[in-house]
Amino acid sequence: MYYSGPNLQAALVNDAGEVLERRETAISPDTMVQQIAAVARELGSHGDVSALGFGIPGLVNRQTDVVIVSPDLPTGIRENLHKALTEATGLRVELENDANAAAYGEFKVGAGRGSHNIFYMMIGNGIGGAIILDGKLWTGSSGFAGEVGHITIDTEGLECVCGNTGCLETVASAPSIVRRARERLNRDSTSSLSRLGLKKGFTADDVAHEAKEGDDFALMMIERTGKYIGTGVASVINLLNIERIILGGGVMDAGDLILNPIIQEAKRRAFQPCFEATKIVAGKLGRDAITVGAAMLARDALAS
Ligand SMILES: [Zn+2]
């Protein structure tokens, strides 16, 4: 399962990582545990459920199973979420940061299959990252490794939610793409010819869609976003000399339109021997990455 307030995305996943059933529902913070347990029971009526994997945006201490930071969860529930879910469902529960869960999913049954070391980047409403070394999630000395969205890209840039300025997330997350597009539409008269200018409340998905339809302005916005991401990717390549970098999250729905500029920019900026040793690919699990990955974490926790 994956909770990103207020939506719960749930799936019944078999041992091979295939999705058999899906449920999506809005849940309220006050009754979230009961509602999650009800969805688990519902899915359980379609097949034997042996464990529950749960991904959330935020930081999870995997030693204590305590949620340290999560803007989507009410304060009262963070510390006890794992225990409450275990009690309410009667299942073994694995709680994990969403990017870590998605990385594990791609590693086990998606674009990372067959590799030993991967870096996963999830580019959506925020930008998260995860590192798998020698087949295991490497979460750092206190569980928070891989925060690639908070790598500084522009020292003169905007303030980020983390308190730093000019983080990758402030230019390449979905809301940042919309903000940059809007700013440009406002100040540049030629860009007002873009079809995006006709839509009031457009989203990052709309920008990607118009780019695919051949809108020059939308295409330029996607390419520039790709350049920012590629700049971050180059740093990751230099730092880790990693086998594969897998890019997922909603922003990657733009497909090759964004993947190609990411690869080009990473090539331009990374140390060449490191770049040549790294494959940069799009994720294969799409929007199921977190739910499937959480399920695979639960599957493997049961087996260990
Ligand atoms: Zn930041």
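Because the structure is a prediction, the values reported are computed rather than measured.

Description of unusual backbone geometry
Okay, step 1: The step from Gly5 to Pro6 runs through a cis peptide bond, and the omega angle for that step is 0 degrees.
Okay, step 2: Notably, Asp134 is not glycine yet its phi reads approximately 50 degrees, a positive angle.
Okay, step 3: The backbone phi angle of Asn241 is positive, close to 45 degrees, even though this residue is not glycine.
Okay, step 4: Tracing the chain through its elements places Asn241 in the loop between helix H8 (216-240) and strand E11 (244-248).
Okay, step 5: Note on Asn241: relative accessible area 47%, which makes it partly exposed.

A short note on the pairing of strand E6 (residues 66-69)
Okay, step 1: For strand E5 (residues 59-61) and E6, the ladder comprises 3 bridges, and the chain directions are antiparallel. Paired with Leu59 across the strands is Val69, a residue of E6.
Okay, step 2: What sits between the antiparallel neighbours E5 and E6 is a turn of 4 residues, in which Asp65 has the positive phi angle 60 degrees.

Looking at the packing of helix H6 (residues 174-187) against H8
Okay, step 1: With their axes 11 Å apart at the nearest point, H6 and H8 run at an angle of 130 degrees to one another. Relative to H8, the element H6 lies oblique. For the crossing formed where H6 meets H8, the hand is right-handed. Counted together, Ile177, Arg180, Ala181, Arg184 and Leu185 of H6 and Phe217, Met220, Met221, Arg224, Thr225 and Tyr228 of H8 form the full contact between these two elements.
Okay, step 2: Of the residues that constitute the contact of H6 with H8, the class distribution is 7 nonpolar, 1 polar and 3 charged.

Conventions and cut-offs
- Residues numbered from 1 in each chain as written.
- Predicted model: local features only at pLDDT ≥ 70, side-chain atom pairs only at ≥ 80, totals over all residues.
- Heavy atoms only, no water.
- Helix = DSSP H or I, 4+ residues; strand = E, 2+ residues; numbered from the N terminus.
- Buried < 20%, exposed > 50% of the residue type's maximum accessible area, 1.4 Å probe, protein only.
- Pairing = 2+ DSSP bridges.
- Axes fitted to C-alpha atoms, helices over the stretch in contact; angles between N-to-C directions.
- Parallel < 35°, antiparallel > 145°, perpendicular 65-115°, else oblique.
- Left-handed = near helix turned anticlockwise from the far one by under 90°.
- Contact = heavy atoms within 4.5 Å.
- Nonpolar A, V, L, I, M, F, W, Y, C, P; charged D, E, K, R; others polar.

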